[in-house]
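Spelled out from the first residue to the last, the chains are:
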Amino acid sequence: MTDATDQVTLSHDGQSYELPVIVGSQDERAVDIRKLRSASGLITLDDGYGNTGSCTSAVTYVDGEKGVLKYRGYTIEVLATKSSFVETAYLLIFGELPTSSQLNEFRGLLTQHEFIHEDMRHHFDGFPPNSPPMAILSAMINAVGCFQPDFMQPEDDEHFMEPAARLMSKIRTIAAASYRKSIGKPMIYPRSKLRYTENFLHMMFSKPYEPYEADETVVAALDRLLILHADHEQNCSTSTVRMVASSRANLYASVAAGVCALWGPLHGGANVAVIEMLSELQQSGEPLERFIARVKKKGSSTRLMGFGHRVYKNFDPRARILKNACHRMLDKLGVHDPLLELALRLEEVALSDSYFVERHLYPNVDYYSGIIMRAIGIPTNMFTVLFAIGRLPGWIAHWREVHTNENARIDRPRQIYVGPNVREYVPIDERG
Ligand code: SDX
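All values reported here derive from a predicted model rather than from experimental measurement. (Residues numbered from 1 in each chain as written. Predicted model: local features only at pLDDT ≥ 70, side-chain atom pairs only at ≥ 80, totals over all residues. Heavy atoms only, no water.)

### Notes on the site of the ligand
Stage number 1. Taken together, 23 residues surround the ligand, and among them His232, Arg303, His309, Arg310 and Arg318 come closest.
Stage number 2. Tyr355 is positioned with one of its side-chain polar atoms (N or O) 3.0 Å from a nitrogen atom of the ligand.
Stage number 3. At a separation of 3.0 Å, an oxygen atom of the ligand approaches a polar side-chain atom of Asn364.
Stage number 4. Burial of the ligand by the surrounding chains reaches 76%, relative to a free accessible area of 1100 Å².
Stage number 5. Of the residues assigned to the shell around the ligand, the class counts are 9 nonpolar, 7 polar and 7 charged. (Near = heavy atom within 4 Å. Polar contact = N/O pair within 3.5 Å; in protein donor to acceptor, adjacent residues only side chain to side chain. Areas by Shrake-Rupley, 256 points an atom, 1.4 Å probe, with all protein chains shown as cover. Nonpolar A, V, L, I, M, F, W, Y, C, P; charged D, E, K, R; others polar.)

Shown next, in the form of structure tokens:
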């Protein structure tokens, strides 16, 4: 961020206020309103924060108009083809691509921390069989913290690789265990000779007497999916992690809060909603044009799930990568999924309709991700959990960015009150 180069003038009630304009490294500009209230008594109001920058950050850059996404300066296209999820996680958290010795150290810590404490197995027994895996994930992330005697101590940033690897490794074990619980099957222990993504598939699908042999195409597809989900600047769940971190809460509490924010169908839950939408269309046989007409109807509660984005007013680059990967991956796996053809046709109908074009509504990361997860064999109720596993490095990177910023303040937005004026208390026997 360069110092203010110019300023804006705000005039109100016969007074003028000069507000500095700050410029980011990609030439984004913001009016710095940190002194607005003390100078003018005014605050700003921006429901949904569509026009409000909550912080400066060096982790990820998104250009919504151009459809650009960069993690620490590396484009998503390059990382999705050349990197691995573990290497990308290291890049996001520590800001640089690792040397081979750093990557080996990080991998070693991921292996070292792949087990969860045996006593945590009893926590799983406490959940009803059909418990939503996202509820289990959020609860168990805080539970994992309780088994770390020092987890309440402020993190020593000089030795942050271990806590970061510990949480990244254990979220995978917890996620697989929550799936096994939901289908009434025994938990599968990790195998230390397997790498990150393959070990997750092993814990998801192996039998106690017969290990799951992951097809390398499946491992590569899932690894790429995790890279594509690894961070996305100030999205709802990452902003939640940062807000909780701003109170100096520990890493586990902050991430558990992020899991809850991600769960919503407008955010990380959209990948489930897309498959449900496509499945309903396939079963009902409703003509796509009629469905689109329902979506467009004024006041309609029906949305084209997997379409639209607060920031992207162009194709989400992740959706473009996934769409291209879909065919290739399904062909390699010999999987024919009628929902893919349906998704492609529905996209075509939508993008030829002025309603979507005028509102800049394009497929987002969730539109095709479910198709790939289905082809891998991931059950629908685990889609958002996979999103959380992918997004965890981004959450950890943003948590670290807050905790290492000596100027960081607790997030405490203002509001405009619109409730009743002062009222007299009426004893209950005199109320109507
Ligand atoms: C993710 O922020 C991130 O970076 C998120 C994410 C990440 O990596 O973390 O990218 C992941 O969450 C992707 C988004 C997944 N959600 C969905 O696919 C759900 C469907 N999409 C929408 O609900 C919506 O597009 C949002 C929530 C994604 C964005 O909502 P906004 O920016 O608040 O837009 P809006 O609701 O104000 O809509 C603007 C207009 C409205 O029409 P008008 O009132 O102008 O007539 O566009 C319409 C909306 O009705 N609209 C849609 C639509 N999305 C917006 N109409 C039909 N279908 C849709 N999907």
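There is more to say, and it comes next.
### Remarks on the packing of aromatic side chains
Stage number 1. A complete count under the given rule lists 14 aromatic pairs for this structure.
Stage number 2. Seen from their ring centres, Tyr90 and Phe106 are 5.7 Å apart, and the 75 degrees between their planes marks the pair as edge-to-face. Taken as a pair, Tyr90 in helix 3 (residues 85–94) and Phe106 in helix 4 (residues 100–112) lie far apart in primary sequence, 16 residues in all.
Stage number 3. Arranged with centres 6.2 Å apart and planes meeting at 75 degrees, the rings of Tyr179 and Phe205 form a pair that is edge-to-face. Taken together, the residues span a long stretch of sequence, with Tyr179 in helix 7 (residues 161–182) and Phe205 in helix 8 (residues 196–205) at a distance of 26 residues.
Stage number 4. One aromatic cluster is present, formed by Tyr90, Phe94, Phe106, Phe160 and Trp399 through successive ring pairs.
Stage number 5. The residue whose ring lies beneath Arg172 is Tyr196, and the NZ or CZ to ring-centre distance is 4.4 Å. (Phe/Tyr/Trp six-rings, centres within 6.5 Å; stacked < 30°, edge-to-face > 60°. Helix = DSSP H or I, 4+ residues; strand = E, 2+ residues; numbered from the N terminus. Lys NZ or Arg CZ within 6 Å of the ring centre and 35° of its normal.)

### Details of unusual backbone geometry
Stage number 1. Positive phi values are uncommon outside glycine, yet Tyr49 reaches one of about 60 degrees.
Stage number 2. Judged by its relative accessible area of 55%, Tyr49 is exposed.
Stage number 3. Unlike most non-glycine residues, Arg248 shows phi in positive territory, near 70 degrees.
Stage number 4. Summarising the element assignment, Arg248 is placed in the loop between helix 10 (236–245) and helix 11 (251–262). (Buried < 20%, exposed > 50% of the residue type's maximum accessible area, 1.4 Å probe, protein only.)

### Thoughts on the pairing of strand 4 (residues 60–63)
Stage number 1. Going residue by residue along strand 4, you find Thr60 and Val62 tucked away on one face and Tyr61 and Asp63 tucked away on the opposite face as well.
Stage number 2. Across 4 bridges, the pairing between strand 4 and strand 5 (residues 68–71) is antiparallel. Bridging from a neighbouring strand, Thr60 pairs with Tyr71 of strand 5.
Stage number 3. Hairpin geometry of strand 4 and strand 5 is characterised by an intervening segment of 4 residues between the two adjacent antiparallel strands and by a positive phi of about 65 degrees at Gly67. (Pairing = 2+ DSSP bridges.)

### Details of the nonpolar core
Stage number 1. The biggest cluster of nonpolar side chains holds 118 residues, and the ones touching the most others in it are Met168, Met277, Leu304, Leu346 and Ile378.
Stage number 2. Broken down by element, this core gets its largest block of residues, 12 residues, from helix 18 (residues 383–403).
Stage number 3. Not counting the four nearest positions on each side in its chain, Met168 is found in contact with Phe85, Ala89, Ile93, Phe106, Leu110, Tyr196, Leu392, Pro393 and Ile396. (Core = buried A, V, L, I, M, F, W, Y, C linked by side-chain atoms within 4.5 Å. Contact = heavy atoms within 4.5 Å.)

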